[in-house]
Structure formats: C-alpha cells, structure tokens
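Understanding the architecture of this molecule
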Amino acid sequence: MEDIAVTWQMWVTLGAIAVAIVAYSLDRFSLELVSALTLAFFLVFFHFFPITEQVNGHELDEAELLSGFASPALFAILGLLIVGQGMYQSGALDWPTRMLIGAHARFRQYAVIGIFIFVMLVSAFLNNTPVVVMFIPIMAAVGAQGGIAPSRLMMPLSFMSILGGMTTTIGSSTNLLAVEAYYNSTGIQLGFFSLMPMGLILAASGSIYLAIATKYFLPDRFGESLSAPDGRQFLAQLTLDRGNPLIGEKSVAGLFPTLKNVTVRLIQRKEEILLPPFDDVTMRLHDRVVIAATRDSLTRLLKTKSQLLAGFMGEVETPEGEGGELSMVEAIVAPGSRIIGRSISQIRFRFQTNCVIVGIQRRSRMIRSELNSIRLEAGDVLLILGDRTDIRRLRGDRDILMLEQSMTQVPDPDHARNAGLIFLSIVFLAAFSIVPIAIAAVVGAAAMVATGCLNVRQAARAIDRRVYLLIGVALAMGAAMEGTGGAAYLGTLLTPLANGPGGNVVLLSAFFLLTACLTNVLSNNATAVLFTPIAVSAGTAAGMDPAVLVLTVIYAANCSFATPVAYQTNLLVMAPGHYRFRDFITFGVPLIVVLWIVYTIVAPIYFGAQGML
C-alpha cells in the first residue's frame, strides 16, 4: 500500500462516488438528476483541483471525464438496443415462438422448458428487455392453457434472460462496459466467447435452481390473464387477384388447408354464390372469399401470409421515407353515426381516411353476404388496418369510437426476414472479430432503419436516455477513481485476501459476493464500470491474470436477482406475475448464493487449468 500515492483528491473522489451510490439506491431523486449532478461535480472539482499526472496516457481533465459519452461500448449498447427493438417490432421472433407454443399443446412440461431455454439462448445475443417483453404474453398464454399460475412463470422468465446474458460479450450492456473498461486499463481485448465457459456453468446451475426452487419459493397467484382468448369472430373478405396463393387450392373435407383457424362463410364467383359444405371446391382467380376469424387469426395471416391479404396491404399507403408503422385497431360504430344504414363501399372509408376496414363483427346474428354490401348498424365493431399516423387521426371521427387500447402493430414479413439477417450478420461479424462489436452494432442499427424494419421514431424510442446518462457518468466515475489512484488503493485493500488461507480462491469469492451485493442496490452497469479497474489493480497486485477478477466482476454484476429494481426485466414481470417486493428477496437471494458457491468451487479449477491463477 505504501507504493500508492494517497492524495486528498482520491478521498474526495471516493466520497463523491459513495454519495452517488447512496443517492442511486435510495431512489428519492431521479436517475437523470443524480447522474447530472455527479458529472457536474467531477467536472468542476477537477477543473480547480486537477490531477496533472497521466493515467493510461491521458490527463484527468474534462475531455477524459466526458469521453465515456463517446465510448465505443456505449455506442455498441445503443446500437444493440436498436437492433433488439428491430427484431421485436418486425416480428422476427414470431416464427420460433409459434413453434414453441405449438409444441406446448403436445408436450406440455417439456415445451415450457424449451421456451425457457430458447429465451436464454436469444438473450445471449440480444438485449434482454425486448425478449422479455415479447415472451410475457406467451408465458401468460402457456400458463392459462396449462393451469399454471403466472407467478410461477414470470420471474423465471426474467432470470433466465439474465442468465443467458452472462455467456457472451454482447449478452448485456454490463458485459460490454466491463470489457471496454478492462481494455482501457490494460490494452487487452476480451474475445467474443471469453465469458462462455464459466457463463454456461453458471447459467446451467441457475437453471437447475429455478427448475427446483420454483415449486417451493414462488407463490401461486392467479390474476387476470394478459392474453385471455378473444373468441369474437370478425367477418373479412379476400379477393383472389393474380399471385394469390389460394388460387387453385382445393377443399379437403370441406376445409381449405391454408386457412387454418379460419371459417369460410361463402365464395362468390361472378354471379354464383357457393356456400358450405365445400365439397371438391377449387378456388379460382377473381373469387371473393368471405371468411370469419378471430382478430388473432387475422393478425397471424397478415404477419405470416400477407400475400393472402395483399388487397388490404396494397390499399394502405405509408409515408415515404418514414418506414410507416402498419397497425390494426378496433372501432365501434357510434349511435347516431352518419354511416349507419350505409354499406362499407358507400362510405368510401379508404379514400377519406387512408385506412381499410379489414373485418366487421356483429353480435346479433350471423352474416352471410359479401363484406362491401353489409349495411352498418350501431354497435358494429370494425377492424381497421392502416398506418399508425392515419389511425390516430380517427380519434376525431365522430362516426366511430376508436378503442385505442386495442391498437397493435402488424409487422411486415419481409421486414422480419431482413431483421433476422441483420441480426445474424452482427453476431457473425462480432464473433469472428471481423470488425469491433461497436462497428457491427452501429452498422446493424443503421441497416434496421434503412431496410424499414424500424422507422426513425421507433429507433429513437429504443434508446433510453437514462441508460445513456448512467453509462456515461459511470465511466466518468471510473476514470476519476482510476486517475486519482482510488482503484489501485481499493485493490490493495482486497489483495491481502490472496495471502491468507485459501489464497486466490478467497479473493475470487470475495470479489464475486461484494459485486453481486452491490449490483442489487446500484445499477449493474455502474457496478461493473466501478469494480473493473479495482479488479485489474487487485489482480495485478495478487500476481494473477487481471482478466480473472474482471470476469468475476462481469458474472457477479449480472446477478440482479434480489430486488425488482435491480434490473429492468424484473420490473417488467412484477405486475403480470402478481409479485411483491419480498418475493424477489426470497427467490432471488438463494439464487445469488447458489451462483456464488458454484463460482467459488468451479472458477479456481477452470482458471487454474487455463494458467491464469
């Protein structure tokens, strides 16, 4: 410790960081305000009381303190957030999730395990938040079908996504920031799969704990299902123009195989009307097919077989250069409306609103007639398709009452394919070190917007200003701690653990436990950034490869299981899982203990075999 110059600036820096940590954890002030005040303090303090010595070739001035806001890791995180949002918005994950839900009907318990494994695999390469957002209604549906309480599914969903994020450098923003902090301190770059061996062991251990402990530690709490099936049947019409895949399709036992979960009410062929049962009927060019289907079934057709509904899709115009959001919403024909008693073709809805009436639902009786000839009645529910901007303009229409809570986006299948290809390209480029992760992520984000998978507004919404501020300020705090010698000083305080009984094993174990505790009261990003330079200093002083303690910090900083505020996905599942704060403590704390014990036992063996201890 005597080799380290202890300065009063170091103590002020450590004190300011401690105050910031307490302010973050108390949650009395907004994260943005705490971040801004902390950054302002360091800028003013080091302007009047500078550190003139260079650290890693840089002076601790305003340029060094603000460099975190131009950090490659930060831009990699923002780029991956946009890519993840593109995967979510485009519906690129719809096909595998439908496969898993379909498997649930046949295999039940094994399908649930498959869904959790799939979530963990996807989270290794995508930001966890959109993955969990997508799977919350899926797990709600699985629970409703299997009679499983949502409280037994939602928290494991969040935790599995976090465990999956431990396995690659792009699995979470925490990993990216720690990797860059390590590179800034040592000039050594961790590889894409450097986290995977121990990460897989920890993920497997956590998965086993979740499989066993869910039965004993999580309560049975049922509530209103997020995805309660809506059995209302909307009447819709398909016109078989050239290129429609239904042309030439022959009925089988009165049904048409392509139109799953859809009832064909009638087929109008010129002046002839064909009614069920459809025996040996083959669909022809220019047939008008009137179908009855639930909203979910119609939406699925638009997502997966949009060519069947090409007439609707072609009639909706989206703003050029905006990458418009095609959306679907329900609206009720208002009492006293001017459109009552008029047919859909007569009200010229498409020309007045740039939206298309896809279907109509009437509770009073079954309708067997062509859609455009149906005369509207008060209380009819219209299913409307259009660009989100045009649909929002319907708010002022006095003839219909728009049910805004029913608005959902209808992704284009072409965009889903593009998003999938962009995502795979990013993983390939980063995994084989063809380009740095930051470059691959930024190019991928730009490609998402350029190909229409996202528009500019959606991409902007994917960037959380709190994440941007917190990461930038955390990097500034790390630079200040390293520049004043605070990181090296704290490292020397922990180094003696390596000289006592147990040696480096005790040091590894202590670093893991301390980081895991702090990450549940402070942001995991800030924890990783603050502890990485300490880990480098302590590892060097203890005579081991500093990468060992840096990896320890990364794994432990991802152990955000003990509180709902520890990680964003925990907050997302709190309401649908009907959890209380103490549920995370009783279920999450034992998981942290399990991972700590496993790491303490396995890590020395693994790193010792690698020659790093």
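Quantities reported herein were computed from a predicted structural model and do not represent experimental measurements. (Residues numbered from 1 in each chain as written. Predicted model: local features only at pLDDT ≥ 70, side-chain atom pairs only at ≥ 80, totals over all residues. Heavy atoms only, no water.)

Brief notes about the overall build of the protein
Scanning the protein from terminus to terminus reveals 25 helices and ten strands. Classification of the 613 residues of the protein by burial places 55% in the buried group. A separation of at least 24 residues holds for 78% of the contacts in the protein among residues at least 6 apart in sequence. Here the protein displays about 27,000 Å² of accessible surface, and carbon together with sulfur accounts for 61% of that area. (Helix = DSSP H or I, 4+ residues; strand = E, 2+ residues; numbered from the N terminus. Buried < 20%, exposed > 50% of the residue type's maximum accessible area, 1.4 Å probe, protein only. Contact = heavy atoms within 4.5 Å. Areas by Shrake-Rupley, 256 points an atom, 1.4 Å probe, with all protein chains shown as cover.)

What to know about the pattern of salt bridges
A complete count under the given rule lists five salt bridges for this structure. The residue Asp390 makes a salt bridge to Arg393 at a minimum N-O spacing of 2.6 Å. Residue classification places Asp390 among the buried residues on the basis of a relative accessible area of 10%. (Salt bridge = Lys/Arg side-chain N within 4 Å of Asp/Glu carboxyl O.)

Some remarks on the side chain of Glu249
Here Glu249 is to be found in the loop between strand 3 (234-239) and strand 4 (263-269). In this structure, Glu249 is in contact with Phe256, Pro257, Thr258, Val281, Thr282 and Met283, ignoring residues within four places of it in sequence.

Looking at the state of the cysteines
This structure, assessed with the given rule, holds zero disulfides. Looking at Cys559, it has no disulfide partner, and the nearest cysteine sulfur is the one in Cys517, 9.9 Å off. (Disulfide = S-S within 2.5 Å.)

A look at the pairing of strand 4
With six of its seven residues buried, strand 4 lies for the most part within the structure. Examined bridge by bridge, strand 4 and strand 6 (residues 288-293) share five bridges and lie antiparallel to one another. The residue bridging Val264 from the neighbouring strand is Ile291, located in strand 6. Taken together, the three bridges between strand 4 and strand 5 (residues 272-274) define a ladder with antiparallel strand orientation. Across the sheet, the residue bridging to Arg269 is Glu272, located in strand 5. Taking the residues between adjacent antiparallel strands as the criterion, strand 4 and strand 5 are bridged by two residues, where Lys270 takes a positive phi near 55 degrees. (Pairing = 2+ DSSP bridges.)

Quick word on unusual backbone geometry
Outside of glycine, negative phi angles account for most residues, and trans bonds account for most peptide bonds. Backbone torsion omega between Pro276 and Pro277 reads 5 degrees, so that peptide bond is classified as cis. Position of Pro277 relative to the elements: it lies in the loop between strand 5 and strand 6. The backbone phi angle of Arg348 is positive, close to 50 degrees, even though this residue is not glycine. The phi torsion at Asn354 lies on the positive side, around 60 degrees, for a residue other than glycine. Within the fold, Asn354 resides in the loop between helix 14 (349-353) and strand 8 (356-361). Taking the relative accessible area as the measure of exposure, Asn354 reaches 15% and is therefore buried.

Things to note about the confidence of the model for the protein
Looking at the protein, pLDDT values average 81 and 85% of them are 70 or higher. When mean pLDDT is taken per element in the protein, helix 8 (residues 154-164) scores highest with 94 and helix 12 (residues 310-315) scores lowest with 55. Below a pLDDT of 50 lies the segment residues 224-229, which in the model reaches nine contacts outside its immediate sequence neighbourhood of four places, other chains included. (pLDDT = per-residue confidence, 0-100.)

Remarks on the packing of aromatic side chains
Scanning the entire structure with this criterion turns up 21 aromatic pairs. Taken together, a centroid distance of 5.7 Å and an interplanar angle of 65 degrees make the contact between Phe41 and Phe42 edge-to-face. Exposure remark for Phe42: the relative accessible area of 1% places this residue in the buried category. Here the aromatic residues Phe159, Tyr209, Phe217, Phe561, Tyr579, Phe584 and Phe587 are joined through ring pairs into a cluster of three or more. Positioned over the ring face of Phe351 is Arg348, at 4.7 Å from the centre of the ring. One residue, Arg350, lies across the ring of Phe351, its end atom 5.7 Å from the ring centre. (Phe/Tyr/Trp six-rings, centres within 6.5 Å; stacked < 30°, edge-to-face > 60°. Lys NZ or Arg CZ within 6 Å of the ring centre and 35° of its normal.)

Overview of the side chain of Ser173
With respect to the element layout, Ser173 can be found in helix 9 (residues 173-186). Relative accessible area serves as the criterion here: at 15%, Ser173 is assigned to the buried category. Only 2.9 Å separates the side chain of Ser173 from the side chain of Asn525, close enough to count as a polar contact. The residues contacting Ser173, other than those within four sequence positions of it, are Ile77 and Asn525. (Polar contact = N/O pair within 3.5 Å; in protein donor to acceptor, adjacent residues only side chain to side chain.)

Some thoughts on the nonpolar core
Counting residues in each nonpolar core, the largest one holds 143 residues, and the members touching the most others are Phe511 and Phe561. Core analysis: the second largest hydrophobic core is formed by 26 residues, Leu238, Leu240, Phe278 and Val289 among them. (Core = buried A, V, L, I, M, F, W, Y, C linked by side-chain atoms within 4.5 Å.)

A look at the environment of Gly611
Its location among the elements puts Gly611 in the segment after helix 25 (581-609). Accessibility expressed as a relative area gives 61% for Gly611, which makes it exposed. Separated by 67 residues in sequence, Gly611 and Met544 have C-alpha atoms that sit 9.3 Å apart.

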